[in-house]
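If you want the building blocks of each chain, they are given just below.
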Amino acid sequence: GESVGLHLPTLSVQEGDNSIINCAYSNSASDYFIWYKQESGKGPQFIIDIRSNMDKRQGQRVTVLLNKTVKHLSLQIAATQPGDSAVYFCAEKSYSGAGSYQLTFGKGTKLSVIP
Amino acid sequence: DTGVSQNPRHKITKRGQNVTFRCDPISEHNRLYWYRQTLGQGPEFLTYFQNEAQLEKSRLLSDRFSAERPKGSFSTLEIQRTEQGDSAMYLCASSVSHEQFFGPGTRLTVL
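The structure presented is a predicted model; accordingly, all values stated were derived computationally and were not measured.

About the criteria used
Residue positions are given per chain, counting from 1 as you read along its sequence in written order. Here the convention is simple: chains get letters from A, ligands get numbers from 1, in the order in which they are written. The predicted nature of this model means local features are confined to residues of pLDDT at least 70 and side-chain atom pairs, given and counted, to a pLDDT of 80 or more, with totals for whole chains, interfaces and linings taken over all residues. Calculated side-chain values reflect all of the structure's heavy atoms, with hydrogen atoms and water omitted. Residues are treated as being in contact if the distance between any of their heavy atoms lies within 4.5 Å. Put simply, buried area is the surface a 1.4 Å probe can reach on two separate parts but cannot reach once they are joined, added for both. One side-chain nitrogen of Lys or Arg within 4 Å of one carboxyl oxygen of Asp or Glu is enough to make a salt bridge. For this analysis, a polar contact is any N or O atom pair within 3.5 Å, provided that within protein one partner can donate a hydrogen and the other can accept it, and provided that sequence-adjacent residues contribute only side-chain to side-chain pairs. Strands here mean DSSP runs of E at least two residues long; helices mean DSSP runs of H or I at least four residues long; both are numbered from the N terminus. Throughout, a disulfide means two cysteine sulfur atoms within 2.5 Å of one another. In this scheme, a residue with accessible area under 20% of its type's maximum is buried, one over 50% is exposed, and one in between is partly exposed, where area comes from a 1.4 Å probe on protein chains only. Strand pairing is defined by DSSP finding a minimum of two bridges between the two strands. Only rings of Phe, Tyr and Trp enter the pairing, Trp through its six-membered ring, and a pair is recorded when the two centres are within 6.5 Å. The plane angle decides the type: under 30 degrees is stacked, over 60 is edge-to-face, the rest tilted. Two conditions define a charge located above a ring, namely a distance within 6 Å from the ring centre to NZ of Lys or CZ of Arg, and an angle within 35 degrees of the ring normal.

Asks: How should the interface of chain B and chain A be read in this particular structure?
Replies: Buried accessible area, meaning the area lost when the parts come together, often serves as the stated size of an interface. Opposite the 21 residues of chain B that make contact, chain A presents 22 residues. At the boundary of chain B with chain A, total buried surface from both sides reaches about 1700 Å², with 51% on carbon and sulfur atoms. Among the residues of chain B in contact with chain A, Glu56(B), His98(B) and Phe102(B) are the three that bury the most area, contributing 30% of the side total. Our count for the contact surface shared by chain B and chain A stands at 0 salt bridges. At the boundary of chain B with chain A, the tally comes to 4 residue pairs in polar contact (both at pLDDT 80 or more).

Right under this line is the structure:
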């Protein structure tokens, strides 16, 4: 089964409002947790990541929160814009033992921004 | 545009045919990954190269699938005797550190 998943498959928000996208994970051994944005017809695009020893990290208009107690990850987007409309995936990164970091993705949340 | 390119962008084939996809990673990236993504799902790891060495393969990679990276630069993914269940987006990513940069993918449709 999947070790990373999302609570909501779709989310609609009004332009200018804040968006919160949630994710649950089950592998406590992951080193990093990452949020990706995927627009139609494109590959996933890195947004922000957080190390497992942190609980909050901020970027430009985005904040990722990590709650290791309940194994929960969230992405907050401030002042959501139409260009934020996309599918958002959380992924956990763990060392695979073969010299690489393996990404395990969840199913994705589709964010629709209403103008 | 991340700098990772994939060709073709779309491929339609009949069941039983062989197909080959190409990935050109960012030039200085020594690590290259292949993923498969079906509609509504996140990408699933298939295989990983460090330079020309294929170091890891997922159990998803059946014996009909083969990947190469002969000179440690571009990579090819071949699917033999395609089945309808192979229809998916095939994504390539490259990295030099922990951040992976994804290409636009090749969408395969098997009729």
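Asks: Would you mind showing me how to read the side chain of Thr47(B) here?
Replies: All names here are of chain B. Tracing the sequence through the fold places Thr47 in strand 5 (residues 44-50). A distance of 2.7 Å separates a polar side-chain atom of Thr47 from the backbone oxygen of Glu56. Apart from residues lying up to four places away in sequence, Thr47 is in contact with Leu32, Tyr33, Trp34, Gln54, Glu56, Lys57, Leu61 and Ala67.

Asks: What's the story with the state of the cysteines in this structure? I'm lost.
Replies: Working definition: the covalent bond between the sulfur atoms of two cysteines is a disulfide. All names here are of chain A. Per the stated rule, a full pass over the model turns up 2 disulfides over all chains. Paired by a disulfide, Cys23 and Cys90 hold their sulfur atoms 1.8 Å apart. Classification of the bridge connecting Cys23 and Cys90 rests on its S-S torsion, roughly 55 degrees, and on that basis the disulfide is right-handed. Pair noted here: Cys23 is in strand 3 (residues 19-25) and Cys90 is in strand 9 (residues 86-95), with a separation of 67 residues, a long-range link. One exposure class covers both Cys23 and Cys90, and it is buried.

Asks: What exactly am I supposed to notice about the pairing of strand 4 (residues 31-37) of chain B here?
Replies: Here is the key point about a regular strand: its side chains alternate between the two faces of the sheet. Residue and element names in this part refer to chain B. Extensive coverage of strand 4 is indicated by the burial of 7 of its 7 residues. Here strand 4 shows a buried face lined by Arg31, Tyr33, Tyr35 and Gln37 and a second buried face lined by Leu32, Trp34 and Arg36. Hairpin connection from strand 4 to strand 5: 6 residues lie between these consecutive antiparallel strands, with Gly40 at a positive phi of about 80 degrees. Relative to strand 9 (residues 88-95), strand 4 is paired through 7 bridges, and the arrangement is antiparallel. By the bridge assignment, Tyr35 is partnered in strand 9 with Leu91.

Asks: Teacher, can you tell me more about the packing of aromatic side chains here?
Replies: Centre-to-centre distance and the angle between the planes together describe a pair of aromatic rings. In total, this model carries 13 aromatic pairs over all chains according to the counting rule given. Note on Phe89(A) and Phe105(A): the rings are 6.2 Å apart at their centroids and 85 degrees apart in plane angle, and the pair reads as edge-to-face. Of the two residues, Phe89(A) sits in strand 9 while Phe105(A) sits in strand 10 (residues 101-105), which places them 16 residues apart along the sequence. Judged by relative accessible area, Phe89(A) falls into the buried class, the value being 2%. Centre to centre, the rings of Tyr35(B) and Phe45(B) are 6.1 Å apart; their planes meet at 75 degrees, and the pair counts as edge-to-face. Of this pair, Tyr35(B) sits in strand 4 while Phe45(B) sits in strand 5, and the two are 10 residues apart along the sequence. Considered together, Tyr35(B) and Phe45(B) belong to a single accessibility category, that of buried residues. Cluster of aromatic residues (ring-pair linked, three or more members): Tyr36(A), Phe46(A), Phe89(A), Phe105(A), Tyr33(B), Tyr35(B), Phe45(B), Tyr48(B) and Phe102(B). The residue whose ring lies beneath Lys93(A) is Tyr32(A), and the NZ or CZ to ring-centre distance is 3.8 Å. Above the ring of Phe74(B), the side-chain terminus of Arg22(B) is found at 3.9 Å from the ring centroid.

Asks: I tried to follow the environment of Ala93(B) on my own but got confused; where do I start?
Replies: Residue and element names in this part refer to chain B. Looking at where Ala93 falls in the secondary structure, it is placed in strand 9. In this structure, the C-alpha to C-alpha distance between Ala93 and Cys23, residues 70 residues apart in sequence, is 8.5 Å. Residues contacting Ala93, with those up to four places away along its chain left out, are Arg31, Leu32, Tyr33, Tyr35, Gln100, Phe101 and Phe102.

Asks: What exactly am I supposed to notice about the pattern of salt bridges here?
Replies: Oppositely charged side chains are able to pair whenever their charged atoms sit close together. Across all of its chains, the model carries 6 salt bridges over all chains by this definition. Asp84(A) is the partner of Arg61(A) in a salt bridge, and the nearest nitrogen-oxygen pair spans 2.9 Å. With a gap of 23 residues between them, Arg61(A) in the loop between strand 6 (56-58) and strand 7 (62-67) and Asp84(A) in the loop between strand 8 (72-77) and strand 9 connect regions that are remote in the sequence. Classification of Arg61(A) by relative accessible area gives partly exposed; the value is 31%. Among the ionic pairs, Glu83(B) bridges to Arg64(B), the shortest N-O distance being 3.4 Å. Of this pair, Glu83(B) sits in the loop between strand 8 (75-79) and strand 9 while Arg64(B) sits in the loop between strand 6 (53-57) and strand 7 (65-68), and the two are 19 residues apart along the sequence. We classify Glu83(B) as partly exposed; its relative accessible area is 41%. A residue is classified by how much of its surface remains accessible, and Arg64(B), at 10% relative accessible area, is buried.

Read these as layout, nothing more, since geometry by itself doesn't imply function.
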